[in-house]
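# Tertiary structure, described
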Amino acid sequence: MSASAQWSDLRTRVISAILMALVGAFAVWQGGLLFVEVVSLICGLMVWETARMFQAKLAIALGLAAAAVLTAVHFLPGFFVAPLLLGLAVVAAGQAEKDRPLLFLVTTWVLFGAFALLLLRNSAGTAWIVWLVCVVVASDVAGYFAGRSLGGPKFWPSISPKKTWSGTVAGWLGAAFVGAAFIGTLGANAGLIFVSIIVGFAGQMGDIAQSAVKRRQGVKDSSDLIPGHGGVFDRFDAMLGAGAMTILLWALGLLPGAAS
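Note that the structure is predicted; figures quoted are calculated from it, not measured.

As defined by bridge partners, strand E1 (residues 154-156) adjoins strand E2 (residues 160-164) across 2 bridges and the pair is classed as antiparallel. Each bridged residue has a counterpart across the sheet, and for Trp156 the counterpart in E2 is Ser160. Between E1 and the antiparallel strand that follows it, E2, lie 3 residues.

With respect to the secondary-structure elements, Phe112 resides in helix H6 (residues 100-123). Along the chain, Phe112 and Ala244 lie 132 residues apart, while their C-alpha atoms are 7.8 Å from each other. Once residues within four sequence positions are removed from consideration, Phe112 is found in contact with Ala82, Leu85 and Leu86.

So, on to the confidence of the model for the protein chain. Chain-level pLDDT for the protein chain is 88 on average; 94% of the residues reach the 70-or-more range. Confidence scores differ between elements of the protein chain, with helix H1 (residues 3-6) showing the lowest mean pLDDT of 48 and helix H5 (residues 81-93) the highest of 96. Across residues 1-5 the pLDDT falls below 50, and counting only partners more than four positions away or on other chains, this stretch makes 1 contact in the model.

Right, let's get into unusual backbone geometry. A negative phi angle is the norm for most residues apart from glycine, just as the trans form is the norm for most peptide bonds. Even without being glycine, Gln55 reaches a positive phi, approximately 55°. For Leu58, which is not glycine, the phi torsion reads 60° and is therefore positive. Here Leu58 is to be found in the loop between helix H3 (32-53) and helix H4 (59-75).

With 27 residues, helix H10 (residues 191-217) extends 39 Å between its outermost C-alpha atoms, agreeing within 8% with the 39 Å of an ideal straight helix rising 1.5 Å per residue. Just downstream of H10 lies Gly218, where phi reads positive at about 70°.

Another aspect to go through is the nonpolar core. Among the nonpolar cores identified, the biggest contains 60 residues, and Cys43, Leu70, Trp131, Leu132 and Val199 are the most heavily contacted of them. The greatest single-element share of this core, amounting to 10 residues, is contributed by H6. Residues contacting Cys43, with those up to four places away along its chain left out, are Ala66, Leu70, Val110, Leu111 and Ala114.

Across all of its chains, the model carries 5 salt bridges by this definition. For the salt bridge of Lys163 with Asp207, the shortest nitrogen-to-oxygen distance reads 2.9 Å. Residue Lys163 is located in strand E2, and its partner Asp207 is located in helix H10; the two are separated by 44 residues in the primary sequence. The class of Lys163 is partly exposed, set by a relative accessible area of 27%.

What follows covers a nonpolar patch on the surface. A cluster of nonpolar side chains, namely Val14, Ile15, Ile18, Leu19 and Leu22, defines an oily patch on the protein surface of about 460 Å² accessible area. Among the structural elements, Leu19 can be located in helix H2 (residues 10-30).

Running from N to C, H6 and helix H7 (residues 126-150) cross one another at 135°; their axes reach a closest spacing of 6 Å. In terms of axis orientation, H6 runs oblique to H7. Listed contacts from H7 to Leu117, Leu120 and Arg121 of H6 are Thr126, Trp128, Ile129 and Leu132. For the contact of H6 with H7, the residue count by class is 5 nonpolar, 1 polar and 1 charged.

Residue position: Val110 is located in helix H6. Residue classification places Val110 among the buried positions, given a relative accessible area of 0%. With 130 residues separating them along the chain, Val110 and Leu240 place their C-alpha atoms 6.9 Å apart. In contact with Val110, other than residues within four places in its own chain, are Cys43, Met46, Val47, Thr50, Phe233 and Leu240.

What counts as what
- Residues numbered from 1 in each chain as written.
- Predicted model: local features only at pLDDT ≥ 70, side-chain atom pairs only at ≥ 80, totals over all residues.
- Heavy atoms only, no water.
- Pairing = 2+ DSSP bridges.
- Helix = DSSP H or I, 4+ residues; strand = E, 2+ residues; numbered from the N terminus.
- Contact = heavy atoms within 4.5 Å.
- pLDDT = per-residue confidence, 0-100.
- Expected span 1.5 Å × (residues − 1).
- Core = buried A, V, L, I, M, F, W, Y, C linked by side-chain atoms within 4.5 Å.
- Buried < 20%, exposed > 50% of the residue type's maximum accessible area, 1.4 Å probe, protein only.
- Salt bridge = Lys/Arg side-chain N within 4 Å of Asp/Glu carboxyl O.
- Patch = residues over 30% accessible without salt bridge, like charges linked within 9 Å, V, L, I, M, F, W, Y side chains within 5 Å.
- Areas by Shrake-Rupley, 256 points an atom, 1.4 Å probe, with all protein chains shown as cover.
- Axes fitted to C-alpha atoms, helices over the stretch in contact; angles between N-to-C directions.
- Parallel < 35°, antiparallel > 145°, perpendicular 65-115°, else oblique.
- Nonpolar A, V, L, I, M, F, W, Y, C, P; charged D, E, K, R; others polar.

Written out as structure tokens, the structure reads:
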């Protein structure tokens, strides 16, 4: 592959990433209903994309329902969360002709991953969601440039042919750098560096898990909504994995400096 072809999508990716970052940063800073609705919209789009990948019926309706349900559970008592989210995943799985168990699992992952972002923003605070976003972005950017520049052995070629060990390790280093940078802001200790690597790796595994789903369904991207990135799910799969891991660590009292 020529150098120009190797980096041919960089300009488009950067422009799309900047626009998404501006919208995301404003939503995170504002918090409240705006943040809930932005996350709910993203969740709805990911459920729609997932339903389309599995050729499920009523894909648009499922996406709209996902956005509405995620908004609702944010304001409802906690015991409503699991039944409503799992119930919607069951409904989604019932609209597919094949791979219903897998569609149920993927939809459940999307719904609970998105809910984890809402829970983290409202329970742990703004600084923690900013840290999470920075960990995922740093890991992704470092992995992208290192993987394309250095190449080398593939991380998991049967599932994600483009992922390399050089990009994976660079992603860990990027996450570690973010952890070190946020120690003072979050009132944490050096343990945040290690936690950041774990969260960054969870994001990478979220990316790989989504790649496996796409490979099974025979599609390259979840959709073409985001120029240079593919679909919304393609862009936020790592955030779902990292967010779920962060909430787990927070619930276990393992986030340095965070009150559980």
